[in-house]
Amino acid sequence: MENIVKSISNLVWSDVFIFLCLFTGVYFSIRTRFLQVTYLRDMLRLLFAKKESDKGISSFQAFALAISGRVGTGNIVGVATAIFMGGPGAVFWMWTIAFFGSASAYVEAALAQVYKQKDGGEFRGGPAYYIEKGLGVKWYAVLFAVVTIISTGLLLPGVQSNAVSSTLSNAFNFTNPVFEIGNIEFTLSWVGLGIVILLSVIIIGGVKRLGQASEFIVPFMAGAYILMAIVIIALNITQVPAVFKLIFNAAFSIDATFGGVIGMAIAWGVKRGIYSNEAGQGTAPHAAAAAAVKHPAQQGLVQAFSVYVDTLFVCTATALMILFTGMYNVGETFDTAGNATAYIVDNIPGINPDGFTQAAVSHHFPAIGNQFVALALFFFAFTTIMAYYYYAETNVAYIFRGTRAKFFIWTLRILFLSATYFGTVRSANLAWDLGDIGVGLMAWVNLIAILLMSKTAIKVWNDYTTKRKKGIMNPDFNPKELGIKNADFWENRK
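Residues numbered from 1 in each chain as written. Predicted model: local features only at pLDDT ≥ 70, side-chain atom pairs only at ≥ 80, totals over all residues. Heavy atoms only, no water.

### Comments concerning empty space enclosed by the protein
The tally for this structure, following the rule as stated, stands at 3 cavities of 30 Å³ or more. Estimates place the volume of the largest cavity at around 60 Å³. What lines the largest cavity is Cys-21, Gly-25, Ile-97, Gly-101, Ser-104, Ile-274, Asn-277, Ala-279, Gly-280 and Leu-447. Mapped by element, the contributors of at least two residues to the lining of the largest cavity are helix H2 (15-31), helix H7 (89-114) and helix H14 (262-277). Here the lining of the largest cavity takes 3 residues from H7, the largest share from any one element. In the lining of the largest cavity, the residues fall into 5 nonpolar, 5 polar and no charged. (1 Å grid on protein atoms, 1.4 Å probe; cavity = no way out; pocket = protein on both sides within 12 Å on 5 of 7 lines; lining within 4 Å. Points joined across faces, edges and corners; volume = space filled by probe spheres on them. Helix = DSSP H or I, 4+ residues; strand = E, 2+ residues; numbered from the N terminus. Nonpolar A, V, L, I, M, F, W, Y, C, P; charged D, E, K, R; others polar.)

### Re the side chain of Asp-310
For Asp-310, the position within the fold is in helix H16 (residues 296-325). On the accessibility criterion, Asp-310 (0% relative accessible area) is buried. Within the structure, the side chain of Asp-310 is placed 3.0 Å from the side chain of Thr-311, a separation counted as a polar contact. (Buried < 20%, exposed > 50% of the residue type's maximum accessible area, 1.4 Å probe, protein only. Polar contact = N/O pair within 3.5 Å; in protein donor to acceptor, adjacent residues only side chain to side chain.)

### Looking at the pattern of salt bridges
A full pass over the atoms with the stated rule returns 11 salt bridges. A salt bridge links Lys-138 to Glu-132; the nearest nitrogen and oxygen atoms lie 3.5 Å apart. Accessibility expressed as a relative area gives 41% for Lys-138, which makes it partly exposed. Glu-132 sits in the partly exposed class, given a relative accessible area of 24%. Between Asp-463 and Lys-467 there is a salt bridge, with its nearest N and O atoms 3.3 Å apart. (Salt bridge = Lys/Arg side-chain N within 4 Å of Asp/Glu carboxyl O.)

### Thoughts on the packing of aromatic side chains
Applying the stated criterion across every chain, the model contains 30 aromatic pairs. Considering the side-chain rings of Tyr-129 and Tyr-398, the 5.0 Å spacing of their centres and the 65° angle between planes classify their relative orientation as edge-to-face. Within this pair, whereas Tyr-129 is found in helix H8 (residues 127-135), its partner Tyr-398 is found in helix H18 (residues 369-399), the two being separated by 269 residues in sequence. Given a relative accessible area of 3%, Tyr-129 falls into the buried group. (Phe/Tyr/Trp six-rings, centres within 6.5 Å; stacked < 30°, edge-to-face > 60°.)

### Focus on the environment of Thr-383
Relative to the elements of secondary structure, Thr-383 occurs in helix H18. By relative accessible area, Thr-383 is classed as buried at 0%. Along the backbone, Thr-383 and Val-71 are 312 residues apart, and their C-alpha atoms lie at a distance of 8.2 Å.

### A few points about the nonpolar core
Tyr-106, Leu-199 and Tyr-328 are the most contacted members of the largest nonpolar core, which totals 151 residues. If one sorts the elements of this core by residue count, H18 sits on top with 19 residues. For Tyr-106, the contacting residues outside a window of four places in its chain are Leu-35, Ala-297, Gly-300, Leu-301, Ala-304, Ala-457, Val-460 and Trp-461. Counting residues in hydrophobic clusters, the runner-up holds 5 residues, among them Val-5, Leu-430, Leu-434 and Ile-437. (Core = buried A, V, L, I, M, F, W, Y, C linked by side-chain atoms within 4.5 Å. Contact = heavy atoms within 4.5 Å.)

Interpretation note: all reported values are geometric properties and have no functional meaning in isolation.
And the structure:
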């Protein structure tokens, strides 16, 4: 089973796909005149702007909900895995995909705002909505919705819960009882039960409760983690130039030690970068559509900034902690299950990537290192699972509209909670490979869609920048002036 899933994952994450991700980011960066640099001040200003109506959530809540989806195990275990598979140079390629990917994040979020719609007392939107309304291809929209429901509803939650279970077990020595019924063994996961109970309370409350929970948890969890990273960086401040030199040399094969894995560095840097920051993946637009703003570009800029927070802040913090302390291994050859059979660097024999960050923090704080990382990962992963549920529910609501939606949403909740629990008792390799398939399939469909809709996205961007240059701080949006059709919410807004 693991070998079959691994083969599918490798097929989805082909070199063509990695090129598509990089090309899309570069293309939109050029078309928007590198908004990720030129409009950084607007990003920060808009982040804390008040919401424009009671139907949606605030820009900061949408940012927090999107960050809760972006900041997860990818920021801790994903970074460690990238270093393990591609060496320190993989960190540079994570930065690269984040920089260019922020332009892709702007485009998908702005499009989600243009084509959002009211559903009861809240906004809904995302790739399925903008594919149907903007491209006019219903079957392609349904394809994305189905892929997203399967990915975020069944495949991805297990990656997060698996990592939580593993790190908490390592930190607090949890043991899961095993029961035998007939000839079949069943493992009871206390961590899994705890996550499911907490999730049940939150997801039943809908998007507003998700937004409120994210608004509270995200600043706390990200702030504490980055603070710990700053402390460790301060303790190793003299090593900063050497570590950055190592990253750049390894990225461009200047360092002979990592010269043979430059291809792996690019592939795994992009792979784990996209998994972590989700730029172009099509998940964050669901949260972006829920925000109440005056112009679609405003939420697009907020979402572009969230990519920075995820990769340039949180992922970099993890990478520096690992590289400063030397608490990492780098594999050279691997078996079919992804386990290293030979090493380029073997600094901590017997430790897998999911233990690198714990080892790094424990190097300086042996009394609390394992526990701190385990708790940080719990909050990271828990909020990501919350966001996954919202993404899946939005697409269920898209496919099954009207009174039937309630039945299918409750069915989703049961399956989602089951998948989350199942993740805590299955192998890490299987969980990550299933997650990679989910991320890859969504990104394939979404990246093609936003490239085809680039004309609309650039119209929205030019409209915003033109008005900003005239000194209008909070410009209005009128799709009819730009020749954009089917933007029903904006056309009917009073």
